[in-house]
Amino acid sequence: MLDNSFLSIANSIRDIKKTEVVLPIARKSALVTPFLLGEHEVLKTAILSPQNYDRELIKTLHKHQVLIEKDDEGSMTNEVKLNYDDFVSKISNIDKVMLLWACYRSTYDNIGVRKVKCPKCETESKYKITLDELIQHDSMLVWEDDTIPFYEYNYSIEVEYDIYKYVFTSRIPTIKRYNQILGMIPIEKIKENLESNNVLSRSEELAMLTSQIIIQKGDEEIAKTGNIQEILVFYNTALPSSVSEEFQFQYNERFEKYLPKLYTMLSCAEPNCGNEIRYDVDIETEFFRRVLLGRELVEEKL
């Protein structure tokens, strides 16, 4: 006779490996449990549509995380589970990267073996890269304003163009904003982007960062939009290149410091070289390749 306690025991074992992670932009901490086999199959099925893949990934991350509260001594006092709408609206796309790192760590511990060439002596060697070593002292920066959450913070960028002025309202994108932009891009266009190792083109990325655009002539406001579709079309077809470059420069000056930097330092295998090699990892790309190709095709053999 089947022991009805089997599944409850199996489920309790499944969640033993938890990873605690800081969500720097949301200014929260979370506990994250491992991915499951069935979820990998769902993600692999959805991979032909980047928006569907991202949506399924978001659902999976939401399922596997719980926010935690701590007292002044650092002891956990409470667990909070955001509903799905709050999760996508109040957690940034930067925080999503850290959740993915934590889920990946809980599941695999490492990204496998990678072949790396020393830029100094060109010695090539294989290294096993763990998830823990990707977190360095400068890997993340916590959102500095504790008086206003990031999703309510707007940053105005003004760029003059002849007698006109563009006034952009920019912000750090939420998980929801990223998925909305993905849903507006034809699959063929995304395939073109992926050939350049990017999911979003530059214009699509700028649209993700922008919540409102005003065009002024002198002191007069002549056009204004907060419509996400119009903003995307504007960046694709109507924005002068010099204006986009200045917008990108000012935005990066304000927000680029918050982008997560996941990397490790590797010692050159040539004893007489002594060089330290910085190896950067895009955790979203690593996970995408793992889901699509499987472990045997993304890892080198030691």
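This text goes with the structure placed above it.
Notes on the structure in this doc start here. From a predicted model like this one, the values you see are computed outputs, not experimental measurements.

**Some remarks on the nonpolar core**
Line of reasoning, step 1. Counting 43 residues, the largest nonpolar core has V21, L23, F87, I283 and F287 as its most contacted members.
Line of reasoning, step 2. Sequence-distant contacts of I283, defined by excluding residues within four places in its chain, comprise V97, L100, W101, Y104, I111, L131, L134 and L262.
Line of reasoning, step 3. Residues I172, L206, A207 and F247 belong to the second largest nonpolar core, which totals 32 residues.

**Quick word on unusual backbone geometry**
Line of reasoning, step 1. If you check the backbone angles, R27 has positive phi at about 60° while not being a glycine.
Line of reasoning, step 2. Mapped onto the elements of the fold, R27 is located in the loop between β1 (19–23) and β2 (28–32).
Line of reasoning, step 3. For R27, a relative accessible area of 40% puts it in the partly exposed group.
Line of reasoning, step 4. Located in the positive-phi region is D109, a residue other than glycine, with phi close to 75°.
Line of reasoning, step 5. With respect to the helices, strands and loops of the structure, D109 is situated in the loop between α5 (93–108) and β5 (110–117).

**Details of the packing of helix α3 (residues 50–64) against α5**
Line of reasoning, step 1. It is at 10 Å that the axes of α3 and α5 come closest, and there the two elements cross at 65°. As judged from the angle between their axes, α3 and α5 are roughly perpendicular. Between α3 and α5 lies a crossing whose hand is left-handed. Across the interface between the two elements, D54, L57, I58, L61 and H64 of α3 pack against K96, L99, L100 and C103 of α5.
Line of reasoning, step 2. Of the residues assigned to the contact of α3 with α5, the class counts are 6 nonpolar, 1 polar and 2 charged.

Conventions used here
Residues numbered from 1 in each chain as written. Predicted model: local features only at pLDDT ≥ 70, side-chain atom pairs only at ≥ 80, totals over all residues. Heavy atoms only, no water. Core = buried A, V, L, I, M, F, W, Y, C linked by side-chain atoms within 4.5 Å. Buried < 20%, exposed > 50% of the residue type's maximum accessible area, 1.4 Å probe, protein only. Contact = heavy atoms within 4.5 Å. Helix = DSSP H or I, 4+ residues; strand = E, 2+ residues; numbered from the N terminus. Axes fitted to C-alpha atoms, helices over the stretch in contact; angles between N-to-C directions. Parallel < 35°, antiparallel > 145°, perpendicular 65-115°, else oblique. Left-handed = near helix turned anticlockwise from the far one by under 90°. Nonpolar A, V, L, I, M, F, W, Y, C, P; charged D, E, K, R; others polar.

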